[in-house]
Amino acid sequence: MESKDQSEGMKMTRHEVKQAVLALSHAVGREDRGLAILGEGNTSGRIDDTSFWIKASGGNLGTLSDAGVVECTFSGIAHLLDKEAATDHEVEDGLFASRVDPSSKKPSVEAIFHAILLLLPGIRFIAHAHPIATNQILSSPLAEKFATHRIFPDEIVVCGPESVLVPYCDPGLTLARAIQIKTEMFLEDHGIPPRIILLKNHGAIALGPTPQSAEAAMLMLEKAAKIFVGAASLGGPILMAPEDIRRIANRIDEHYRQKELNL
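Residues numbered from 1 in each chain as written. Predicted model: local features only at pLDDT ≥ 70, side-chain atom pairs only at ≥ 80, totals over all residues. Heavy atoms only, no water.

Looking at the pairing of strand β1 (residues 42-46)
Judged by how many residues are buried, β1 sits mostly within the fold: 5 of 5 residues are covered. Here β1 shows no split at all, with Asn42, Ser44 and Arg46 on one side and Thr43 and Gly45 on the other all buried. Direction of pairing for β1 relative to strand β4 (residues 125-129): antiparallel, over a ladder of 4 bridges. Residue pairing in the sheet places Gly45 in a bridge with Phe125 of β4. The sheet contact formed by β1 and strand β2 (residues 51-55) spans 3 bridges and is antiparallel. When the bridges of β2 are listed, Gly45 appears paired with Trp53. Remark: 4 residues form the turn of the hairpin made by β1 and β2, two consecutive strands paired antiparallel. (Buried < 20%, exposed > 50% of the residue type's maximum accessible area, 1.4 Å probe, protein only. Helix = DSSP H or I, 4+ residues; strand = E, 2+ residues; numbered from the N terminus. Pairing = 2+ DSSP bridges.)

What about helix α3 (residues 88-97)?
The set of residues buried in α3 consists of Val91, Gly94 and Leu95. On an axial view of α3, the arc spanned by its buried residues comes to 100°, and they lie on one face. Exposed side of α3, more than 90 degrees from the buried face: His89, Asp93 and Ala97 are the residues found there. For α3, the elements touching its buried residues are α2 (74-82), α4 (111-117) and α8 (173-190). (Arc of directions from axis to C-beta. Contact = heavy atoms within 4.5 Å.)

Details of the packing of aromatic side chains
All told, the structure shown has 2 aromatic pairs when counted by the stated rule. With a centroid separation of 4.8 Å and an interplanar angle of 35°, the aromatic rings of Phe52 and Phe74 are classed as tilted. Of the two residues, Phe52 sits in strand β2 while Phe74 sits in helix α2, which places them 22 residues apart along the sequence. Judged by its relative accessible area of 8%, Phe74 falls in the buried class. (Phe/Tyr/Trp six-rings, centres within 6.5 Å; stacked < 30°, edge-to-face > 60°.)

Thoughts on the environment of Glu215
Mapped onto the elements of the fold, Glu215 is located in helix α9 (residues 211-233). In the structure, Glu215 is positioned 70 residues away from Lys145 in sequence and 23 Å away in space, judged by C-alpha atoms. Sequence-distant contacts of Glu215, that is, excluding residues within four places in its chain, are made with Leu24, Ala27 and Arg33.

Regarding the nonpolar core
The biggest cluster of nonpolar side chains holds 45 residues, and the ones touching the most others in it are Val28, Phe146, Ile196, Leu198, Met218 and Leu221. Setting aside anything within four residues of it in sequence, one finds Leu221 in contact with Thr134, Phe146, Cys159, Ile196, Leu198 and Ala204. Residues Phe52, Phe113, Val166 and Ile205 belong to the second largest nonpolar core, which totals 35 residues. (Core = buried A, V, L, I, M, F, W, Y, C linked by side-chain atoms within 4.5 Å.)

Topic: the pattern of salt bridges
Considering all chains together, one arrives at 9 salt bridges under this definition. Among the salt bridges present, the one from Arg46 reaches Asp49, with a minimum N-O distance of 3.6 Å. The exposure class of Arg46 is buried, given its relative accessible area of 2%. Accessibility expressed as a relative area gives 37% for Asp49, which makes it partly exposed. One network of salt bridges, with partners in common, ties together Asp154, Glu254 and Arg257. (Salt bridge = Lys/Arg side-chain N within 4 Å of Asp/Glu carboxyl O.)

Rendered as structure tokens:
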């Protein structure tokens, strides 16, 4: 899958992308936001169609340093995806082999799905976290309803008209393949990449052309989850009608607002 930058704002140097990944990491890892703690979650940014930066395994998003971000090649990760089956040791070796700098730390095992998603058209930054309210829903029978419906306009503007929902899978190669299949189905149905991918009993992935858009999607997702949980406790939620969702998603003024918010 080939990726092309969509706007002038996408032109960034290798160093600028790394600094943007660090800033996104610190934003998502803020303890007061309840999105990720300790070594949870990961972030990434595409340098070009050859390589990308990603958080190293075991790092803390909130305190991530330069040394905690690793450059990996898309081709190195592709070798893992080409295998019909791979042992844990083969995945581990493949992740180490994908590094541009052999002295750098091991990339997160979820680098595999980052490599897939970063090559989607218009996508350059990704944030993956385990938001508390979102995971309450993803660990419940209401996960599909939350993913496929919307409950207020700003959720549509920032997170898109619908989210991808992926069943629980073993993290690593199995999860990456499941995400790839579900995302390709979404692209075929909607003609655009998703802004949010929800992983049952696991967490959420926010995608965007800028670090601000990935951060905004994650924050709006968690706001929506809190409202959804609260509404469910009061006999709801009351879901927006499909025609109202389409109207918000296609309004000229909302597109202008998306541009002004760097979404």
